[in-house]
Each structure stands twice: as structure tokens, then as C-alpha cells.
Amino acid sequence: ACQFGASAALARISGWWNQDESLTWSSTRAVQFAPAAIAQVATIYTGIHSLQYVNVETFITARASTPMLIPAVEYTCMGRQLPSLRSMLCLLGMLIGSLFYGLHDLGGDLRGYLWLALWYVVFCFDQTYLKGVLERLGSTSSTTAGVYYTNLLGLAVVLVGGQVEAVTTL
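Residues numbered from 1 in each chain as written. Predicted model: local features only at pLDDT ≥ 70, side-chain atom pairs only at ≥ 80, totals over all residues. Heavy atoms only, no water.

## Some thoughts on the overall build of the chain
- A count of helical and extended segments in the chain gives seven helices and zero strands.
- Along the chain direction, N to C, the helices and strands of the chain fall in the order α-α-α-α-α-α-α.
- If you line up the chain on its principal axes, its C-alpha atoms span 50 × 50 × 25 Å.
- A total of 170 residues make up the chain; the buried ones form 36% of that total.
- Summed over all atoms, the accessible surface of the chain reaches about 10,400 Å², with 68% contributed by carbon and sulfur.
- Counting 8 positive and 9 negative side-chain charges, the chain places the averaged centre of each group 7 Å from the other. (Helix = DSSP H or I, 4+ residues; strand = E, 2+ residues; numbered from the N terminus. Buried < 20%, exposed > 50% of the residue type's maximum accessible area, 1.4 Å probe, protein only. Areas by Shrake-Rupley, 256 points an atom, 1.4 Å probe, with all protein chains shown as cover. Lys, Arg positive; Asp, Glu negative; His and termini not counted. Charge placed at Lys NZ, Arg CZ, Asp CG, Glu CD.)

## Some details on the packing of aromatic side chains
- Under the defined criterion, the tally for this structure stands at nine aromatic pairs.
- Ring plane angle 10 degrees and centroid distance 5.4 Å describe the contact between Phe-33 and Tyr-149, whose orientation is recorded as stacked. In this pair, Phe-33 sits in helix α2 (residues 27–53) while Tyr-149 sits in helix α7 (residues 143–168), placing the two residues 116 residues apart along the sequence. Residues Phe-33 and Tyr-149 agree in their burial class; the two are buried.
- When the ring of Phe-125 is compared with that of Tyr-129, the centres are 5.3 Å apart and the planes differ by 25 degrees; the resulting orientation is stacked. With Phe-125 and Tyr-129 both in helix α6 (residues 110–137), this residue pair falls four residues apart, about one helical turn.
- Under the relative-accessibility criterion, Phe-125 is labelled partly exposed at 38%.
- Among the aromatic residues, ring-to-ring pairing joins Trp-25, Phe-33, Tyr-148 and Tyr-149 into one connected group.
- The side chain of Arg-12 reaches across the aromatic face of Tyr-148, ending 6.0 Å from its centre. (Phe/Tyr/Trp six-rings, centres within 6.5 Å; stacked < 30°, edge-to-face > 60°. Lys NZ or Arg CZ within 6 Å of the ring centre and 35° of its normal.)

## A look at the nonpolar core
- Ranked by internal contacts, the top residues of the largest apolar core, which has 15 residues, are Phe-33, Val-133, Tyr-148, Tyr-149 and Leu-153.
- Taken together, the elements giving at least two residues each to this core come down to α1 (2–17), α2, α6 and α7.
- Leave out the neighbours within four places in its chain, and Tyr-149 touches Ser-22, Thr-24, Trp-25, Ser-26, Arg-29, Ala-30, Phe-33 and Gly-154.
- Counting residues in each nonpolar core, the second largest holds eight residues, with Phe-59, Leu-116, Phe-123 and Cys-124 among its members. (Core = buried A, V, L, I, M, F, W, Y, C linked by side-chain atoms within 4.5 Å. Contact = heavy atoms within 4.5 Å.)

## A look at the environment of Ala-6
- Here Ala-6 lies in helix α1.
- For Ala-6, a relative accessible area of 38% gives the class partly exposed.

## Quick notes on the packing of helix α3 (residues 56–64) against α6
- Orientation of α3 relative to α6, taken along the N-to-C sense of each, is 30 degrees, at an axis distance of 11 Å. Between α3 and α6, the interaxial angle falls into the category roughly parallel. Considering only the axes of α3 and α6, their crossing is right-handed. Residues Thr-58, Phe-59, Ala-62 and Arg-63 of α3 form the contact with α6, whose participating residues are Tyr-113, Leu-116, Trp-119, Tyr-120 and Phe-123.
- Class assignment of the residues belonging to the contact of α3 with α6 gives a composition of seven nonpolar, one polar and one charged. (Axes fitted to C-alpha atoms, helices over the stretch in contact; angles between N-to-C directions. Parallel < 35°, antiparallel > 145°, perpendicular 65-115°, else oblique. Left-handed = near helix turned anticlockwise from the far one by under 90°. Nonpolar A, V, L, I, M, F, W, Y, C, P; charged D, E, K, R; others polar.)

## Examining the pattern of salt bridges
- Summed over the entire model, instances satisfying the criterion amount to two salt bridges.
- The salt bridge involving Glu-74 is made with Lys-131; its shortest N-O contact spans 2.6 Å. Taken together, the residues Glu-74 in helix α4 (residues 66–78) and Lys-131 in helix α6 connect sequence positions 57 residues apart.
- Residue classification places Glu-74 among the buried positions, given a relative accessible area of 9%.
- Given a relative accessible area of 32%, Lys-131 falls into the partly exposed group.
- A single network of salt bridges, built from pairs that share partners, joins Glu-74, Arg-80 and Lys-131. (Salt bridge = Lys/Arg side-chain N within 4 Å of Asp/Glu carboxyl O.)

This is the structure in C-alpha cells:
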């Protein structure tokens, strides 16, 4: 909650300082950024659960491999260009390294890999959805507005989710 609140406050202060009108509260923008905020919270939640069952190195390897999926999603869903041949070869090298590590990870737990797979999907959605919203809004919204809305809405999700989890664990 502190991370979300501080990030939203600093983005708002930055917007005020730079006279960024796209940070003026808009329920329309909030609705557009809401899925990104939920995905951001879900990314943290699934990441924490992943780390309950897999070691940090496994998580880092999975995190390092996300650039292999995101360009394909952006190409398919957003009409962006695929990386150059040189970049594709680098991504292929990362894929081979990640797969090699995964095949030799002896400390893993199936639950951890399931959480990690869920984290992977949510994280990739979060990254591409947020880019898509900012692209659709174009010059009517800044990157700082994306930070502001996703963190302010994420703070609300965390506070409500924390209360729900507190009640369900009693």
C-alpha cells in the first residue's frame, strides 16, 4: 500500500509541477486504467506466492524471459513491428538459457511453477495493456498519468484486498 500510495502521490506532484493536465482526475481515464491497476496488484500477489515455492533465481529467470513473449503479443494485438533479426537471436539465446535453467532447477515445487505461470501471464498482460492504453490516449495522456492512475487505483485494490484477506483468515 505504501508503494502504491507514494508512487501515486509523487506522480501527482510531478504532474502539478509540470502542469500536466492529464493528471486531473477523470473517471473515463480511471476506467481505462483500471485493468492495468488490477493486473499490477495481481502481478505482485502472484509473484509473492511464486516465491513461496520457488527460489529467487527461478523467479529472476522467468522475469528475464518476459521480453520473449511481449513483442509477439504487441505484434499480434497492437500491430507493432517484431524485433530485428539480431534482437530475435538475443531473445532466442535468453529462451535457451531460461529453458536450460528450468530443466535443471532441482529445488522447484509444482505449486511454485503454477504460480509462476500465472504471474507470467498477468505480468505480460499488464505490460502490454498499459502500453495499449497510453497509445490509444495518445497526446491526451502522459506516461506520468499512467503511473498516477494505475498506482492510485492499485492502492484502492490493495486496501480492499487486504481487508478481504484479513477477514477470510480469521
